[in-house]
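Fold and contact review
Now for the letters of each chain:
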Amino acid sequence: GFGPRGVAELESRELMALCMKKVRGLNKVKLVDAVWIWTEPHSMRLKVKLTVQKEVTPGAVLQQAFVVEFVIRNQQCDDCAKVYSDGTWKSVVQVRQRVDHKRTFYYLEQLLLKHDVHSRALSIESFRDGMDFYFTDRNL
């Protein structure tokens, strides 16, 4: 579903509802109409023309139309931002072996694959004499 970090299509009903929640004082008047105003797609701006009514004195209704501009800010959730930026690992496991044969590494590799450790690693770096496993958590 659509949450606080969800994605809504431009000029959709979901986005309109989200934008209307951000307009202050809208609960004190009657919203008559809300329509999207076209803006350049790359402008990172959304414009909505709102028409509101309010009874100012008994029998006298004031109607006014105005434009509200919203600025689009694309953001990532904290976990996604950590994955795509460097240096955000919390633990690293460094494995080194300085021998001519790699039997122990091959055995370790089979164990890691069997226990699905590679899918929980943030990244894995290989070196001539070992490997580094980076994780977002200290405990798996």
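Parameters at a glance
- Residues numbered from 1 in each chain as written.
- Predicted model: local features only at pLDDT ≥ 70, side-chain atom pairs only at ≥ 80, totals over all residues.
- Heavy atoms only, no water.
- Helix = DSSP H or I, 4+ residues; strand = E, 2+ residues; numbered from the N terminus.
- Rg over C-alpha atoms; globule rule 2.2 N^0.38 Å.
- Buried < 20%, exposed > 50% of the residue type's maximum accessible area, 1.4 Å probe, protein only.
- Contact = heavy atoms within 4.5 Å.
- Areas by Shrake-Rupley, 256 points an atom, 1.4 Å probe, with all protein chains shown as cover.
- Lys, Arg positive; Asp, Glu negative; His and termini not counted.
- Charge placed at Lys NZ, Arg CZ, Asp CG, Glu CD.
- Salt bridge = Lys/Arg side-chain N within 4 Å of Asp/Glu carboxyl O.
- Pairing = 2+ DSSP bridges.
- Axes fitted to C-alpha atoms, helices over the stretch in contact; angles between N-to-C directions.
- pLDDT = per-residue confidence, 0-100.

This part is about the overall build of the protein. Of the regular secondary structure elements, the protein holds 4 helices and 6 strands. Ordering the α and β elements of the protein from the N terminus gives α-β-β-β-α-β-α-α-β-β. For 140 residues, the compact-globule estimate of 2.2 N^0.38 gives 14 Å, and the protein exceeds it by more than 25% at 28 Å. The buried share of the protein, taken over its 140 residues, is 20%. For the protein, the proportion of contacts with a sequence separation of at least 24, taken over those separated by at least 6, is 42%. As displayed, the protein offers around 11400 Å² of accessible surface, 51% of which is attributable to carbon and sulfur atoms. Of the side-chain charges in the protein, 22 are positive and 17 negative, and the distance between the mean point of each set is 6 Å.

So, about the pattern of salt bridges. Where charged atoms from two side chains of opposite charge approach closely, those side chains can pair. Throughout the structure, instances matching the rule amount to 4 salt bridges. Note that Glu69 is salt-bridged to Lys47, the shortest N-O span being 3.8 Å. Linking Glu69 in strand E3 (residues 60-71) with Lys47 in strand E2 (residues 45-57), this pair joins segments that are 22 residues apart in sequence. Judged by its relative accessible area of 43%, Glu69 is partly exposed. With its nearest N and O atoms 2.9 Å apart, the salt bridge here joins Arg96 to Asp132. Note that Arg96 is positioned in strand E4 (residues 91-96) and Asp132 in strand E6 (residues 130-135), a separation of 36 residues in sequence. For Arg96, a relative accessible area of 33% translates into the label partly exposed. Assessed through its relative accessible area of 3%, Asp132 is described here as buried. Ionic contacts of the salt-bridge type, sharing partners, join the residues Arg45, Lys47 and Glu69 into one network.

Position of Gln94 among the secondary structure elements: in strand E4. Judged by its relative accessible area of 54%, Gln94 is exposed. Linking Gln94 and Ile124, residues 30 residues apart in sequence, is a C-alpha distance of 9.9 Å. Among all residues touching Gln94, those that are not within four sequence positions of it are Met131 and Asp132.

So, about the sheet that holds E6. Spatially, 3 strands are ordered E4-E6-E5 in an open sheet, and the strand pairing comes out antiparallel. The outermost strands of the open sheet, each flanked by one partner alone, are E4 and strand E5 (123-127). In this sheet, adjacent strand axes meet at a mean angle of 10° when their direction is disregarded. Relative to E6, E5 runs antiparallel, the two sharing 5 bridges. From the neighbouring strand, Ser123 faces E6, where its bridge partner is Tyr134.

Mapped onto the secondary structure, Leu31 falls in strand E1 (residues 30-37). Assessed through its relative accessible area of 35%, Leu31 is described here as partly exposed. For Leu31, the contacting residues outside a window of four places in its chain are Met20, Leu26, Leu50, Thr51 and Val52.

We now examine the confidence of the model for the protein. Residues with a pLDDT of 70 or more make up 90% of the protein, whose mean pLDDT is 86. The least confident element of the protein, judged by mean pLDDT, is helix H2 (residues 78-84) at 69; the most confident is E1 at 96.

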